[in-house]
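So you can see what is in the structure, the chains are spelled out below.
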Amino acid sequence: MSRPLSDQERRKQISIRGIVGAENVAELKRGFNRHLHFTLVKDRNVATPRDYYFALAHTVRDHLVGRWIRTQQYYYERDPKRIYYLSLEFYMGRTLQNTMINLGLQNACDEAVYQLGLDIEELEEIEEDAGLGNGGLGRLAACFLDSMATLGLAAYGYGIRYEYGIFNQKIRNGWQVEEADDWLRHGNPWEKARPEYMLPVHFYGRVEHTANGTKWVDTQVVLALPYDTPVPGYMNNTVNTMRLWSARAPNDFNLRDFNVGDYIQAVLDRNLAENISRVLYPNDNFFEGKELRLKQEYFVVAATLQDIIRRFKASKFGSTESVRTVFDSFPDQVAIQLNDTHPAMAIPELMRIFVDIEKLPWSKAWDITKRTFAYTNHTVLPEALERWPVDLVEKLLPRHLEIIYEINQRHLDHIASLFPNDVDRLRRMSLIEEGGTKRINMAHLCIVGSHAVNGVAKIHSEIVKSEVFRDFAELEPDKFQNKTNGITPRRWLLLCNPGLAELIAEKIGEDYVRDLSQLAKLHEFVDDDLFIREVAKVKQENKVKFALYLEKEYGVKINPSSMFDVHVKRIHEYKRQLMNCLHIITMYNRIKRNPTKLFVPRTVIIGGKAAPGYHMAKMIIKLINAVAQVVNNDPVVGSKLKVIFLENYRVSLAEKVIPATDLSEQISTAGTEASGTGNMKFMLNGALTIGTMDGANVEMAEEAGEENLFIFGMRVEDVAELDKDGYNAQQYYDRLPELKQAVDQIRSGFFSSDEPDLFRDVVDMLFHHDRFKVFADYEAYVKCQEKVSELYLVSARGDREGVCCGRPHNSTGLCGWAPTATALPPSLFSRRTPKRGPRWSSGTSQLQASSPATAPSRSTHGTSGTWSPPT
């Protein structure tokens, strides 16, 4: 006879299965079978797993449609101010599970699929990631859409429906190889084409100045076909829209320019127009001034602004007939957020519409335009700032160049009136850079044409004001703001770590899902040994599950009790994966030097993509893989140290690795990482952070207490001082024996015996061209990593007397941040690997979500579940 259930087990059983009504399950099963039969035209005898995924996706989408239509009707009737988020990237990832969670359908779908004899996890794995972004900028856009829908805001995301998203990364012989991401080849069940809203976009041509105004004529037309994707809020019946534009050639494209004999070639040349939305540019923090990229940027803003103005004219509160023809109220009804400078052409485009088409006087048009736009800056790296050649803009968008010149002339006239005879200031603040090739500084255009400019973390916003755009900030200090980035807890806790989400809900209730500041209530349980052990058990189960995944995918057997030390983000010199690599080599050398000495086992996991043209980033990937090859196959090292490079890091892989992480690496050079959002995702899932005082790390340390993060290395002012004195890598190399040994091994071919000079470029860069000063922080980083190992060992032994981070541990022996610490005695961990952690229990459906309580420095701009430490 089985033992009776404990109260806790009974509560958990109720929260997982009790709210699943039999009617819901039966309805879902009927919907599944109907779509399998009528939509996919299959029966169970011939259906494939992909067919089952599509049947489930269509069934879930059915539950969205009514809410989606009602939400848009509500906006039309009430005519609220609408938010338009313009971004060239939306890194959405997978949609199925997120939709089930936000609609409160996940438990019912679980049960329905189980009763149909299928495995829901296997179906979820079939879905392709919508990889329409490079990294943080695109993922932030996706988190904002989820947040705005959960807040019940009338918000729209506008971007490009790239046929090929961010490339699939394959690692072959240690090298990154790019493969096309044909994510649409099987179709996309979540999108709806809207050909009735197709719009023309013009390129090239010439400008005519007539008595009736200015005309842009003899243009080449490309059509923008919108595809709408629903964005459901969390349990509030709101479903917003992400509208992505796809380029189509008009039916008469090129045909007028050919005789009948060239008809075939004319039809084939339609591809030239449609290439605009073919592929996402795979550059992160690097500007590549290609004509196709400029076409993409103008294509999305031209189509979007036509759509925005159509909606503005058609909507009027309480009426379905009246049409607005006066634009005075435009900024009161329309807010357009520019996600970096990529959509900056929206500023001259809106001016063109107002002045040339709507016949507004310049001053009025400019006032409306400035009050409509706001601009988010995402980087201070000079190579990332967009500077388009004037010649290219003149060829592609001749009218817009005239408008930019006019904006610049009026802007400089204003500056000259305030600072007479200050020619150098005029040069610094001009929209046009005159040195060498004349270029348009798109960041300057955004600042001049917007009413608000924000950085994405406190330290970044200060650098923007005091250094990068200092002249502009002195002129209009109130224009410059900070909006620290955030993450959505729906995807980055409920979806990816249901076990931890359930545990937290048992202690403090479910409202924290909309308001992460409520996680502060967990302070009450910092000395609750049972809760700490439950948290640690969830972490260990996540680690076991991920270790099995790594063994299956990479053939490397991982010790689940080892510390999972994770460094996942785009590969870039400023993110300093090289410093991590030097630490791996140092740990390897220490084990080899004294194999019997106690060593805290580590599994170092590094992942990320390098831009295809970024030679040094690709060399860093090769070096990491070369070091991994040596370390993982050395019998002296055994299971003490393993190194894994995660192939094809993406949103769906992040959802697997983040919940299993013990240590989060956020080690960029101070003053280079604008914010970072991975740092928040790891912290929310109970990982400790090792990092520099850079980006959002600074605010995380303020909020959680610097003693609860492993902070090391130079601050911004130290970096500036070192730049002033002159950074000399050789000094560090000569002074630090372990650094010298590691660098010598790389240089001598120890990790590349077949090609000893393979990494010469890497070593030369470290000595002579390292803008990010890896050697300068190496010693502090290694010492900080020693503290990490000490804490892991102390907590694993249950040592109540140890000291770490300069202060005594609390009664749990977990360094004062008990709910996030993961290393408890291994005997306490469950060794089972659950097929899935507990599903999230849905709360009461509400018409509108309550607004999260956020820190004073943040507004709804940054409320994608504003991060907060778990304790």
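Each chain has its residues counted from 1, following the order in which its sequence is written. Side-chain atom pairs in this predicted model are given and counted only at pLDDT of 80 or more, local residue features only at pLDDT of at least 70, and totals for whole chains, interfaces and linings cover all residues. Excluded from the side-chain calculations are hydrogens and water; all other atoms, namely the structure's heavy atoms, are used.

Per an unreviewed UniProt entry, the protein goes by the name Alpha-1,4 glucan phosphorylase and belongs to Phasianus colchicus. Heading Catalytic activity (unreviewed entry) of the UniProt record for the protein holds this comment: "[(1->4)-alpha-D-glucosyl](n) + phosphate = [(1->4)-alpha-D-glucosyl](n-1) + alpha-D-glucose 1-phosphate". UniProt positions are given in the numbering used here, feature names are shortened, and annotations may be inferred rather than shown by experiment. The heading Function (unreviewed entry) in the UniProt record of the protein holds the text "Allosteric enzyme that catalyzes the rate-limiting step in glycogen catabolism, the phosphorolytic cleavage of glycogen to produce glucose-1-phosphate, and plays a central role in maintaining cellular and organismal glucose homeostasis."

Where two aromatic rings form a pair, the distance of their centres and the angle of their planes describe that pair. Centre distance within 6.5 Å is the pairing criterion for rings of Phe, Tyr and Trp, where only the six-membered ring of Trp is used; planes under 30 degrees apart are then read as stacked, over 60 as edge-to-face, and the remainder as tilted. On inspection of all chains with the given rule, the structure shows 24 aromatic pairs. With a centroid separation of 5.8 Å and an interplanar angle of 55 degrees, the aromatic rings of F525 and F531 are classed as tilted. Grouping residues by exposure puts F525 and F531 together as buried. Through a chain of ring-to-ring contacts, three or more aromatic side chains come together here, namely Y84, Y156, Y158 and W245. Working rule: Lys NZ or Arg CZ, within 6 Å of ring centre, within 35 degrees of ring normal, means a charge sits over the ring. Just above the ring of Y156 sits the side chain of R311; from NZ or CZ to the centre is 4.4 Å. Its guanidinium or amino end placed over the ring of F419, R425 lies 4.0 Å from that ring's centre, counting from NZ or CZ. Think of it in three bands: with a 1.4 Å probe and only protein chains considered, a residue is buried below 20% of the maximum accessible area for its type, exposed above 50%, and partly exposed in between.

What follows covers the environment of F286. Along the polypeptide, F286 turns up in the loop between helix 9 (270-274) and helix 10 (291-314). Sequence separation of F286 and E383 is 97 residues, and the distance between their C-alpha atoms is 5.5 Å. Contacts between residues were defined by any pair of non-hydrogen atoms, one from each residue, lying within 4.5 Å. When sequence neighbours within four positions are dropped, the list of residues in contact with F286 reads E383 and A384. Under the DSSP-based scheme used, a helix requires at least four consecutive residues in state H or I and a strand at least two consecutive residues in state E, with every element numbered from the N terminus.

So, about helix 7 (residues 136-150). Compared with the 21 Å implied by 1.5 Å per residue over 15 residues, the 21 Å span of helix 7 between its first and last C-alpha is a close match. G152 sits one or two residues past helix 7 and shows a positive phi near 75 degrees. In this analysis, the expected span of each helix is defined as 1.5 Å times one less than the number of residues it contains.

Attention now goes to the sheet that holds strand 23 (residues 663-666). Two strands pair if DSSP finds at least two bridges between them. Pairing is parallel across the open sheet formed by six strands, whose spatial order is 22-21-20-23-24-25. A strand with exactly one partner marks an edge of an open sheet, and here the two such strands are strand 22 (641-646) and strand 25 (710-711). One ladder, built from four bridges, connects strand 23 with strand 24 (residues 688-691); its direction is parallel. Note that in strand 24 the partner of E665 across the bridge is I690. Each of strand 20 (563-568), strand 21 (602-607) and strand 22 is contacted by helix 22 (residues 529-554), which is oriented at about 70 degrees to strand 22, the strand it contacts most. For helices, the axis comes from a line fit to the C-alpha atoms of the stretch in contact; other axes are also lines fit to C-alpha atoms, and the angle between any two N-to-C directions lies between 0 and 180 degrees. Where helix 23 (residues 577-593) meets the sheet, its contacts fall on strand 20, strand 21, strand 22 and strand 23, and the angle it forms with strand 21 comes to roughly 155 degrees.

Our focus in this paragraph is empty space enclosed by the protein. In this analysis a 1.4 Å probe is tested at points of a 1 Å grid over the protein atoms alone, and where it fits but cannot get out there is a cavity; an open set with protein on both sides within 12 Å along at least five of seven lines is a pocket; lining residues have an atom within 4 Å of a point. Grid points are joined across faces, edges and corners, and a volume is the space filled by probe spheres set on the points. Per the stated rule, a full pass over the model turns up 11 cavities of 30 Å³ or more. When its volume is computed, the largest cavity comes out at roughly 850 Å³. Along its surface, the largest cavity is lined by 47 residues, and N134, G135, G136, L137 and D284 are the ones closest to its centre. Broken down by secondary-structure element, the contributors of at least two residues to the lining of the largest cavity are helix 7, helix 25 (651-657) and helix 26 (678-684). Examining the composition of the lining of the largest cavity, we find that four residues originate from one element, helix 7, more than from any other. Residues that form the lining of the largest cavity fall into these classes: 18 nonpolar, 15 polar and 14 charged. Those domain boundaries reflect an automatic or database domain assignment. Here the lining of the largest cavity spans two domains, and each of domain 2 (79-93 + 129-482) and domain 3 (561-816) adds at least three residues to it. Contributing to the lining of the second largest cavity are 34 residues, with G93, T95, E127, A130 and W190 lying nearest its centre. Only Asp, Glu, Lys and Arg are considered charged, only Ala, Val, Leu, Ile, Met, Phe, Trp, Tyr, Cys and Pro nonpolar, and every remaining residue, Gly among them, polar.

To continue, consider the confidence of the model for the protein. Of all residues in the protein, 87% have pLDDT values of 70 or greater, and the mean over the chain is 89. Confidence of the predictor at the level of single residues is captured by pLDDT, which takes values from 0 to 100. This model gives residues 7-18 a pLDDT under 50, and the stretch forms 19 contacts once residues within four places in sequence are excluded. Note on residues 799-871: pLDDT under 50 across the span, and 230 contacts to partners over four residues away in sequence or across chains.

Reading across the sheet, the three strands line up as 15-17-16 and stay open at both edges, with antiparallel pairing between neighbours. Two strands in the sheet have a free side with no partner beyond their single neighbour: strand 15 (387-389) and strand 16 (432-433). Looking at chain direction, strand 16 and strand 17 (residues 439-441) are connected through two bridges and run antiparallel. Paired with I432 across the bridge in strand 17 is I440.

What makes a patch is a set of residues exposed beyond 30% relative accessible area and free of salt bridges, joined within 9 Å when like-charged and within 5 Å when nonpolar (Val, Leu, Ile, Met, Phe, Trp, Tyr). Computed by Shrake-Rupley with a 1.4 Å probe, the accessible areas treat only the displayed protein chains as cover when residues are assessed. The salt bridge criterion pairs a side-chain nitrogen of Lys or Arg with a carboxyl oxygen of Asp or Glu, the two atoms within 4 Å. A contiguous nonpolar surface patch, about 400 Å² in accessible area, is contributed by Y263, I264, V267 and L268. With respect to the helices, strands and loops of the structure, I264 is situated in helix 8 (residues 263-268). Classification of I264 by relative accessible area gives exposed; the value is 55%.

A few words on the UniProt feature "modified residue: N6-(pyridoxal phosphate)lysine" (unreviewed entry) in the protein. Following the UniProt record, one finds the feature "modified residue: N6-(pyridoxal phosphate)lysine" (unreviewed entry) at K681. As for its placement among the helices and strands, K681 is situated in helix 26. Of the residues examined, K681 reaches a relative accessible area of 7% and is grouped as buried. Once residues lying within four places of it in the same chain are set aside, the contact partners of K681 are R139, I487, W492 and I658.

Right, let's talk about the pairing of strand 20 for a bit. The buried fraction of strand 20 is high, at six of six residues. Burial along strand 20 is two-sided: M563, D565 and H567 facing one way and F564, V566 and V568 facing the other are all buried. Looking down the strands as they point away from the viewer, one classifies a crossover as right-handed if the path from the first strand across the helix to the second runs clockwise. In this fold, the crossover linking strand 20 to strand 21 by way of helix 23 has right-handed handedness. Where strand 20 and strand 23 come together, two bridges link them in parallel fashion. Along strand 23, the bridge assignment pairs D565 with L663.

What follows is about the nonpolar core. In this structure, F203, F299, F330, Y512 and F546 are the most contacted members of the largest nonpolar core, which totals 165 residues. Split by domain, the residues of this core number at least three in each of domain 2 (79-93 + 129-482) and domain 3 (561-816). The contact partners of F299, leaving out residues within four places of it in the chain, are I160, V201, F203, V222, L223, A224, W245, S246, A247 and I276. We call a set of buried Ala, Val, Leu, Ile, Met, Phe, Trp, Tyr and Cys residues a nonpolar core when their side-chain atoms join them within 4.5 Å. Judged by nonpolar contacts, the second largest core, of 69 residues, contains V600, I690, F751 and V762.

Take the packing of helix 2 (residues 22-39) against helix 3 (residues 49-78) next. Axis separation between helix 2 and helix 3 bottoms out at 8 Å; the angle between their running directions is 120 degrees. Here helix 2 is positioned oblique relative to helix 3, judged by the angle of their axes. Crossing angle aside, the handedness with which helix 2 passes helix 3 is right-handed. Contacts between helix 2 and helix 3 involve E27, L28, G31, F32, R34, H35, L36 and T39 from the first element and D51, Y52, A55, L56, H58, T59, D62 and H63 from the second. Of the residues belonging to the contact of helix 2 with helix 3, the class tally is six nonpolar, six polar and four charged. Any angle between 65 and 115 degrees counts as roughly perpendicular, while under 35 counts as roughly parallel, over 145 as roughly antiparallel, and the rest as oblique. Helix crossings fall into two classes, left-handed where the near helix is turned counterclockwise from the far one by less than a right angle and right-handed where it is turned clockwise.

By the secondary structure assignment, D110 is in helix 5 (residues 106-115). Accessibility expressed as a relative area gives 9% for D110, which makes it buried.

Okay, the packing of helix 23 against helix 24 (residues 615-632) next. It is the contact of helix 23 with helix 24, at a shortest axis distance of 10 Å, that shows an interaxial angle of 15 degrees. The angle between the axes of helix 23 and helix 24 places the two elements in the roughly parallel class. Considering the relative orientation of helix 23 and helix 24, their crossing is left-handed. Judged by residue contacts, Q577, L578, C581, I584, I585 and Y588 of helix 23 engage I620, L623, I624, V627, V630 and V631 from helix 24. Class assignment for the residues of the contact of helix 23 with helix 24 results in 11 nonpolar, one polar and no charged.

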